[in-house]
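Tertiary structure, described
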Amino acid sequence: SNFTYIEIFFKWDNKFKSVKIYNPNGKSALLDMLDYSGSQIVFATKLVNINSTSITVSRYKYYTIEDSSTWTPYGSSTNAIYITKVIGYK
């Protein structure tokens, strides 16, 4: 179905967020979360593709950066973001 926009609700580690995508058919959307935990900055991402009947995951990544003098990032292929709900608006 063709929506004016959709809203994708997602979570990561008991933190919740949503993103609105206008005229979503054929578009991609980046779902991302940023947090600071102890001595680390943590950044989780998920790229999804949207068509008229489905949302598919294109790629995802999870990064941590240690709070130190070197600021060395570490990335992993952890699927940390979970889509909890999608609402379409006409």
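Scroll up to find the structure.
Our subject in this report is the structure included herewith. Nothing here was measured: the structure is a model prediction, and the numbers come from that model.

Reading the values: rules and limits
- Residues numbered from 1 in each chain as written.
- Predicted model: local features only at pLDDT ≥ 70, side-chain atom pairs only at ≥ 80, totals over all residues.
- Heavy atoms only, no water.
- Core = buried A, V, L, I, M, F, W, Y, C linked by side-chain atoms within 4.5 Å.
- Buried < 20%, exposed > 50% of the residue type's maximum accessible area, 1.4 Å probe, protein only.
- Helix = DSSP H or I, 4+ residues; strand = E, 2+ residues; numbered from the N terminus.
- Contact = heavy atoms within 4.5 Å.
- Pairing = 2+ DSSP bridges.
- Axes fitted to C-alpha atoms, helices over the stretch in contact; angles between N-to-C directions.
- Phe/Tyr/Trp six-rings, centres within 6.5 Å; stacked < 30°, edge-to-face > 60°.

1. Things to note about the nonpolar core
With 14 residues, the main nonpolar core has Ile 8, Phe 10, Trp 12, Ile 21, Leu 31, Ile 50 and Ile 81 as its most contacted residues. Of all the secondary-structure elements, those providing two or more residues to this core are β1 (5-12), β3 (28-37) and β4 (40-50). When neighbours within four sequence positions are excluded, Phe 10 is seen to be in contact with Lys 15, Phe 16, Lys 17, Ser 18, Val 19, Leu 31, Asp 32, Met 33, Ile 81, Tyr 82, Ile 83 and Thr 84.

2. Some details on the environment of Tyr 60
Inspection of the secondary structure puts Tyr 60 in strand β5 (residues 55-66). Residue classification places Tyr 60 among the partly exposed residues on the basis of a relative accessible area of 33%. Tyr 60 sits 29 residues away from Leu 31 along the chain, and the two C-alpha atoms are 9.2 Å apart. The residues touching Tyr 60, leaving out its near neighbours within four places in the chain, are Thr 45, Lys 46, Ser 77, Thr 78 and Asn 79.

3. Re the sheet that holds strand β7 (residues 82-89)
In spatial order, the strands read β2-β1-β7; together these 3 strands make up an open sheet with antiparallel pairing. In the strand order of this sheet, the two ends are held by β2 (15-22) and β7, each with one partner. Within this sheet the neighbouring strands show an average axis-to-axis angle of 20°, counted without direction. The pairing of β1 with β2 spans 8 bridges and is antiparallel. Within β2, the residue paired with Trp 12 across the bridge is Lys 15.

4. Some details on the packing of aromatic side chains
The final tally for this structure, using the stated rule, is 4 aromatic pairs. A ring pair is formed by Tyr 5 and Tyr 22, whose centres lie 4.8 Å apart and whose planes are at 35°; its orientation type is tilted. Of this pair, Tyr 5 sits in strand β1 while Tyr 22 sits in strand β2, placing them 17 residues apart in sequence. Take Tyr 5: its relative accessible area is 18%, and that puts it in the buried class. Its relative accessible area of 45% is what places Tyr 22 among the partly exposed residues. Here Trp 12 and Tyr 62 contribute two aromatic rings whose centre-to-centre distance is 6.1 Å and whose plane-to-plane angle is 75°, an arrangement assigned as edge-to-face. Linking Trp 12 in strand β1 with Tyr 62 in strand β5, this pair joins segments that are 50 residues apart in sequence.

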